[in-house]
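Summary of the model geometry
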Amino acid sequence: MAPHSDNFKGSMLMMTAMAGFTLNDTAMKYVTETLPLYQTIFLRGVLTVAALWLIGVAQGGLRLRLSGADTRILGWRTLGEILATVFFLTALQHMQLADLSAIMQSLPLAVTLAAAVLFRERIGWRRMLAIGIGFAGVMLIIRPGGASFGIWSVLGVLSVLSVVLRDLATRRFSREASSVAVSFYAGVAVLVLGAVMIPFDGWQTPTLPELGGIVLASLVLIAAYLTVVMSMRVGEVAVVAPFRYTSLLWAVVLGFVVFKDLPDSWTLMGAALVIGSGVYAFYRERVLARGAR
């Protein structure tokens, strides 16, 4: 019963993490409707970095020293983190929450393809076909040339590519690199970006509800990061990972409750293709891991 119990716990933790990430996005979208974007990034960054520092201290001290190789990798990862933050939050200001979330569902497929191209990781024709179908789903969501297509859809796709860079760099760290330290450096970089851009983007005194939204975004973001790590350590990756796609369900619900937005039928069809392809790709990885054909 233990493996089944672990998989259930891992699945629940993954769904909780996705709810946390989506709640963070919702809070940031709500706050940036009235507050300047980079001010909001800066304020959230201050709280996030402080929380990561406390977590590191609670774990016996934040080990910030990295090897020379890990330092170079950190540079690429931090670049991906910064670009992903800017592209995603800028797009989020102008797009429906569910629409942007649907585009982000292509991330696992994009990471798989990039790993095959850059690291020569082997993927069979079935997963290649799944990736192709998934990207066709993304085209349905953004619909190039359609009335709903614009620069914000492009920024959504660029945010996916930036997260691919971040995630692939993360995979190259040595075992000695502390996960909390890597996250801490990324948080500091995003915080500094917000501070540097404030003079160009403006500053205004936040209201109590706006401050509450920023605090909420920071807290649920940290909780989501910790929970997603826990989920991958409890159950089997191939069982737990597909529950990442529940973030779209949370985005639809929160988008309707908070902003009264609902995705159109094209977005839902495209999301179904992306999610179906992603689940199949995870299934094939599980089959190959077991040595089946």
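Coordinates for the structure precede this section.
Below: a short report on this structure.

Reading guide: rules and limits
Residues numbered from 1 in each chain as written. Predicted model: local features only at pLDDT ≥ 70, side-chain atom pairs only at ≥ 80, totals over all residues. Heavy atoms only, no water. Helix = DSSP H or I, 4+ residues; strand = E, 2+ residues; numbered from the N terminus. Rg over C-alpha atoms; globule rule 2.2 N^0.38 Å. Buried < 20%, exposed > 50% of the residue type's maximum accessible area, 1.4 Å probe, protein only. Contact = heavy atoms within 4.5 Å. Areas by Shrake-Rupley, 256 points an atom, 1.4 Å probe, with all protein chains shown as cover. Lys, Arg positive; Asp, Glu negative; His and termini not counted. Charge placed at Lys NZ, Arg CZ, Asp CG, Glu CD. Core = buried A, V, L, I, M, F, W, Y, C linked by side-chain atoms within 4.5 Å. Salt bridge = Lys/Arg side-chain N within 4 Å of Asp/Glu carboxyl O. Axes fitted to C-alpha atoms, helices over the stretch in contact; angles between N-to-C directions. Parallel < 35°, antiparallel > 145°, perpendicular 65-115°, else oblique. Left-handed = near helix turned anticlockwise from the far one by under 90°. Nonpolar A, V, L, I, M, F, W, Y, C, P; charged D, E, K, R; others polar. Expected span 1.5 Å × (residues − 1). Phe/Tyr/Trp six-rings, centres within 6.5 Å; stacked < 30°, edge-to-face > 60°. Lys NZ or Arg CZ within 6 Å of the ring centre and 35° of its normal. Arc of directions from axis to C-beta.

**Quick word on the overall build of the protein**
- Assigned secondary structure in the protein consists of twelve helices and zero strands.
- Over its C-alpha atoms the protein spans a radius of gyration of 19 Å, differing by no more than 12% from the 19 Å that the globule rule assigns to 293 residues.
- Considered along the principal axes of its C-alpha atoms, the protein spans approximately 60 × 50 × 40 Å.
- Counting the 293 residues in the protein, one finds 49% classified as buried.
- Nonlocal contacts in the protein, meaning residues at least 24 apart in sequence, comprise 88% of its contacts between residues at least 6 apart.
- For the protein, the computed accessible surface area is about 14,900 Å², with 68% contributed by carbon and sulfur atoms.
- Taken as two groups, the 23 positive and 15 negative side-chain charges of the protein have centres that lie 11 Å from each other.

**Some words on the nonpolar core**
- In terms of nonpolar packing, the biggest core is built from 40 residues, with Leu-89, Val-160 and Val-164 touching the most fellow members.
- If you tally residues by element for this core, the top one is helix α3 (residues 68-94), at seven residues.
- Discounting residues that sit within four places of it in the chain, Val-164 has contacts with Leu-107, Ala-110, Val-111 and Ala-114.
- Core analysis: the second largest hydrophobic core is formed by 15 residues, Phe-42, Leu-52, Leu-191 and Ile-198 among them.

**So, the pattern of salt bridges**
- For the structure shown, the criterion picks out five salt bridges.
- In this structure, Asp-264 and Arg-143 form a salt bridge, with 2.8 Å as the shortest nitrogen-oxygen distance. Here the residue Asp-264 occupies a position in the loop between α11 (246-259) and α12 (265-289), and Arg-143 occupies one in the loop between α6 (125-142) and α7 (151-170), the gap between them amounting to 121 residues.
- Take Asp-264: its relative accessible area is 33%, and that puts it in the partly exposed class.
- A salt bridge links Asp-167 to Arg-166; the nearest nitrogen and oxygen atoms lie 3.1 Å apart.
- Relative accessible area serves as the criterion here: at 22%, Asp-167 is assigned to the partly exposed category.
- Residue class for Arg-166 comes out buried when judged on its relative accessible area of 14%.
- A cluster of three or more residues bridged by salt bridges with shared partners is formed by Arg-77, Glu-81, Arg-166 and Asp-167.

**Topic: the packing of helix α4 (residues 97-104) against α7**
- Direction vectors running N to C along α4 and α7 enclose 40 degrees, while the axes themselves pass 9 Å from each other. Taken together, the axis directions place α4 and α7 in an arrangement best described as oblique. Crossing hand, α4 versus α7: right-handed. In contact with Leu-100, Ile-103 and Met-104 of α4, α7 contributes Ser-153, Gly-156, Val-157, Ser-159, Val-160 and Val-163.
- Of the residues in the contact of α4 with α7, the class split is six nonpolar, three polar and no charged.

**Comments concerning α11**
- Between its first and last C-alpha atoms α11 spans 19 Å; for 14 residues at 1.5 Å apiece the expected length is 20 Å, and the two agree.
- All of the buried residues in α11 are Thr-246, Ser-247, Leu-248, Ala-251, Leu-254, Gly-255 and Phe-259.
- With its phi angle positive at about 60 degrees, Lys-260 sits one or two positions after the end of α11.

**Considerations on the packing of aromatic side chains**
- On inspection of all chains with the given rule, the structure shows five aromatic pairs.
- Consider the rings of Tyr-280 and Tyr-283, whose centres lie 6.1 Å apart with planes at 40 degrees: the pair is tilted. Of this pair, Tyr-280 and Tyr-283 are both found in helix α12, three residues apart, which corresponds to roughly one turn of the helix.
- Ring-pair connections join several aromatic residues into one group, and the members of that group are Trp-53, Phe-184 and Tyr-185.
- When the ring centre of Phe-259 is taken as origin, the NZ or CZ atom of Lys-29, which lies over that ring, is 5.4 Å away.
- Residue placement shows Arg-172 over the ring face of Phe-119; its charged tip is 4.3 Å from the ring centre.

**Regarding α6**
- Counted at 1.5 Å a residue, the expected span for α6 with its 18 residues is 26 Å, and the 26 Å between its end C-alpha atoms agrees.
- Inspection of α6 places Arg-127, Ala-130, Ile-131, Gly-134, Gly-137, Val-138, Ile-141 and Ile-142 among the buried residues, and these make up the whole buried set. Looking down the long axis of α6, one finds its buried residues gathered within 130 degrees of arc, a one-sided arrangement.
- Immediately beyond the C-terminal end of α6, within one or two residues, lies Arg-143, with a positive phi of roughly 45 degrees.

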